[in-house]
Amino acid sequence: MAVFVALGAFLMTLAGGWTAQRVTDRRHLVLGLAGGLMLGVVGLDLLPEALKAAGEEVFGVPAALLLFVGGFLLAHLVERLLAARQVAHGGEEHNGRAPEVGLTAAAAMVGHSAMDGVAIGAAFQVGGGMGLAVALAVIAHDFADGFNTYTITSLYGNARRKAITMLFADAVAPVVGAASTLFFTIPEQALGGYLGLFGGVLLYLAAAEILPEAHHEHPARSTLLCTIAGAGFIWLVVGLAGSG
């Protein structure tokens, strides 16, 4: 049942990537929306779940928040190292960005989608009602995952073929993750730590890369409205999932 439900996440992820691909003539709006979606996912979904799951403190600070900051710094460090490596070896850059950063970020999105599948499978182990509630939440925000995966890969100058490949991998990941729960489960604290770390990575990409690029290309009011709409959409998804 969990694997069957995860197929819904597969289709929703592809729908998100297809949408990002079709509106390339409004790239600034795509980037603005992607930034808002990522901000909403981090602040309204990942961090609350991380704090709930990894509740213990380290020197007065919740472990999930320390990992959140660590994830932000790690993303910044990886980007700087890869960009420096590109320059040192005479590699091509896209507007000062190393394509490997986009692929690395997209790979992190794929890993997160696999964890979404694990969450579906684990919830079905608790009960059918819990499983359906978690599945609906995952399916709803997988549209944003697909949208962001394609956008991030393309933003860093990767070929369309690579962006589609990463999108397909992101779509398949929840199905694989759900199937894996037939063999093992992840401790709640480890899951909370992972969510905190991944949230920091996503926030860095949204705040340091995607949103500045959106407003640099076309600093219009419509771009800002798309960002607000993206965050509002995640708020709606989280609210509906919570009320369910």
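Presented here is an overview of the structure given in this document. The shown structure was predicted, so the numbers you read here are calculated from the model rather than taken from an experiment. (Residues numbered from 1 in each chain as written. Predicted model: local features only at pLDDT ≥ 70, side-chain atom pairs only at ≥ 80, totals over all residues. Heavy atoms only, no water.)

### Regarding the packing of aromatic side chains
With the rule as written, the count across this model stands at two aromatic pairs. Measuring from ring centre to ring centre gives 6.0 Å for Phe10 and Phe168, while their planes differ by 85°; the resulting arrangement is edge-to-face. Placement of Phe10 in helix 1 (residues 2-22) and of Phe168 in helix 6 (residues 160-180) is noted, with a sequence separation of 158 residues between them. Relative to Tyr204, the ring of Phe72 lies with its centre 5.2 Å away and its plane at 85°, an arrangement referred to as edge-to-face. (Phe/Tyr/Trp six-rings, centres within 6.5 Å; stacked < 30°, edge-to-face > 60°. Helix = DSSP H or I, 4+ residues; strand = E, 2+ residues; numbered from the N terminus.)

### A short note on the nonpolar core
Ranked by internal contacts, the top residues of the largest apolar core, which has 36 residues, are Met38, Ile152, Leu202, Leu205 and Ile210. Where this core is concerned, the elements lending two or more residues are helix 2 (27-53), helix 3 (63-88), helix 4 (99-126), helix 5 (128-155) and helix 7 (188-217). Ranked by the residues each element gives to this core, the list is headed by helix 2, at ten residues. Look past the residues within four positions of Ile152 in its chain and what remains in contact with it is Met38, Gly102, Ala105, Ala106, Leu205 and Ile210. (Core = buried A, V, L, I, M, F, W, Y, C linked by side-chain atoms within 4.5 Å. Buried < 20%, exposed > 50% of the residue type's maximum accessible area, 1.4 Å probe, protein only. Contact = heavy atoms within 4.5 Å.)

### Examining the environment of Gly70
Within the secondary structure, Gly70 is located in helix 3. In this structure, the C-alpha to C-alpha distance between Gly70 and Leu197, residues 127 residues apart in sequence, is 6.5 Å.

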